[in-house]
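Architecture at a glance
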Amino acid sequence: KEAGRNNFCFFSEDMSRHIQEKARLHRALRQAVQDGNQFVLHYQPKISPVSGQITGVEALVRWVSPEHGFIPPDRFIPLAEESGLINALGRWVLKQGCQDFIHLKSMGIHLQHISINVSNIQLNHRDFLQELKGMIADTGITPEQLELEMTESFIASDQQEAIQILQTIRNMGLQLAIDDFGTGYSAMSFLQKLPITRLKIDKSFVDGLPHDNDSIALVKAMLSLAENFSLAVTAEGVEYQEQMEFLKKAGCHEIQGYFYSRPLPFDDLVTYCKARKNR
Ligand code: C2E
Ligand code: CA
Ligand code: CA
Ligand code: CA
């Protein structure tokens, strides 16, 4: 009994520390979203395995807090989603990403597209589509060059409503990718109903390549599924040459991962693009 009580004590102390820590991070995040200058975008190149050229980049947000130091997105994005701050943060990411893309163009670096992650909360926000239109007009990006990445779970809640939102985005000319494909709980048959243009094969499937039989079967199934629905495919988390070779042979269109490059600050991306162009 004694031990039990002690355990409970530890547990609750632990809990309250956890809650306090979270509240502190939440306050700092709210401040950061207000300030706007604690965030920075890094860009991970996406490469065509056939041509070796950069096809596009994915924007990945970074938070350097004066109080907490570097905080990875896996820690603060969920917090931003819970608190609704993701809407303001997401607006900043979209705008900064498009501006940087235009900046690249002005430097003679012409990429096919930039991919930006949008959370379900953003997609469901009533002002999102209007803001998206305004942002495209303001930055001057060609809608076809802007790809939004979302997860399968967006469709899970209200299919009709979700499909309508996605269709509107497609009608505006943007590209739509399903991120972390294969990790969701949705049936594959639902793909047919979705107005999307790309699948991103999750890293967890790429990890087993090129030797694990289950990974091989799943990746091949996803590629043939995509082909049937005329979707482009990106493999993410590609770290080794032999994974790249496997995916190239299997017909995957785009490769993203540490094998080619980590996500890079803007200036390093410029250097990387110039070096690749001249190869
Ligand atoms: P994600 O969209 O699946 O992004 C891919 C993550 O995998 C990135 O982590 C990237 O740095 C990492 N990665 C890429 N290639 C490799 C590789 O070869 N090996 C390994 N081990 N990792 C690789 P990151 O930048 O920490 O982002 C984590 C997640 O945070 C993202 O996962 C995305 O869900 C979310 N996120 C990042 N930026 C944004 C954003 O602007 N908005 C929203 N809503 N979510 C974002
Ligand atoms: Ca992504
Ligand atoms: Ca992903
Ligand atoms: Ca992922």
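Preceding block: the structure.
Please read these numbers as outputs of a predicted model, since none were measured by experiment.

Some details on the overall build of the chain
Along its length, the chain carries 11 helices and 9 strands. By the compact-globule yardstick of 19 Å for 279 residues, the chain fits well, its C-alpha radius of gyration being 20 Å. Judged by the C-alpha coordinates and their principal axes, the chain covers about 65 × 45 × 40 Å. Expressed as a percentage of the 279 residues in the chain, the buried residues total 47%. A sequence separation of at least 24 residues applies to 66% of the contacts in the chain between residues at least 6 apart. In the form shown here, the chain has an accessible surface area of approximately 14,300 Å², with 51% of it arising from carbon and sulfur atoms. Averaging the coordinates of the 28 positive side-chain charges in the chain and doing the same for the 34 negative ones gives two points 3 Å apart.

Points about the coordination of the calcium ion (ligand 2)
Summarising the metal site, the calcium ion (ligand 2) is bound by the protein donors Glu58 (OE), Asn117 (OD1), Glu149 (OE) and Asp179 (OD), whose distances to it range over 2.2 to 2.3 Å. All donors of the calcium ion (ligand 2) belong to a single chain; written as a sequence motif, their spacing is E-x58-N-x31-E-x29-D. A distance of 3.7 Å spans the gap from the calcium ion (ligand 2) to the calcium ion (ligand 3), which Asp179 bridges by coordinating each metal. Taken together, the residues Glu58 in strand β2 (residues 54-65) and Asp179 in strand β6 (residues 175-181) connect sequence positions 121 residues apart. For Glu58, a relative accessible area of 5% puts it in the buried group.

Concerning the site of ligand 1
Residues in close proximity to ligand 1 total 21 residues, the closest being Gln44, Arg62, Asp179, Glu239 and Tyr258. At a separation of 3.2 Å, a nitrogen atom of ligand 1 approaches a polar backbone atom of Val61. Take Asp180: an N or O atom from its side chain is 3.3 Å from an oxygen atom of ligand 1. A total of 800 Å² of accessible area belongs to ligand 1 in isolation, and the protein chains cover 81% of it.

Considering the packing of aromatic side chains
All chains considered together, the criterion is met by 5 aromatic pairs. Judged by centre distance (6.0 Å) and plane angle (45°), the rings of Phe39 and Phe76 are tilted. Pair noted here: Phe39 is in strand β1 (residues 39-47) and Phe76 is in helix α2 (residues 73-83), with a separation of 37 residues, a long-range link. Neither Phe39 nor Phe76 differs from the other in exposure class; each is buried. Each residue in the set Phe39, Trp63, Phe76 and Trp92 is aromatic and connected to the rest through ring pairs, giving one cluster. The ring of Tyr258 carries the charged tip of Arg262 above its face, separated from the ring centre by 4.0 Å.

About the criteria used
Residues numbered from 1 in each chain as written. Chains lettered and ligands numbered in written order. Predicted model: local features only at pLDDT ≥ 70, side-chain atom pairs only at ≥ 80, totals over all residues. Heavy atoms only, no water. Helix = DSSP H or I, 4+ residues; strand = E, 2+ residues; numbered from the N terminus. Rg over C-alpha atoms; globule rule 2.2 N^0.38 Å. Buried < 20%, exposed > 50% of the residue type's maximum accessible area, 1.4 Å probe, protein only. Contact = heavy atoms within 4.5 Å. Areas by Shrake-Rupley, 256 points an atom, 1.4 Å probe, with all protein chains shown as cover. Lys, Arg positive; Asp, Glu negative; His and termini not counted. Charge placed at Lys NZ, Arg CZ, Asp CG, Glu CD. Donors = N, O, S within 2.8 Å, 3.2 Å for Na, K, Ca; no water. Near = heavy atom within 4 Å. Polar contact = N/O pair within 3.5 Å; in protein donor to acceptor, adjacent residues only side chain to side chain. Phe/Tyr/Trp six-rings, centres within 6.5 Å; stacked < 30°, edge-to-face > 60°. Lys NZ or Arg CZ within 6 Å of the ring centre and 35° of its normal.

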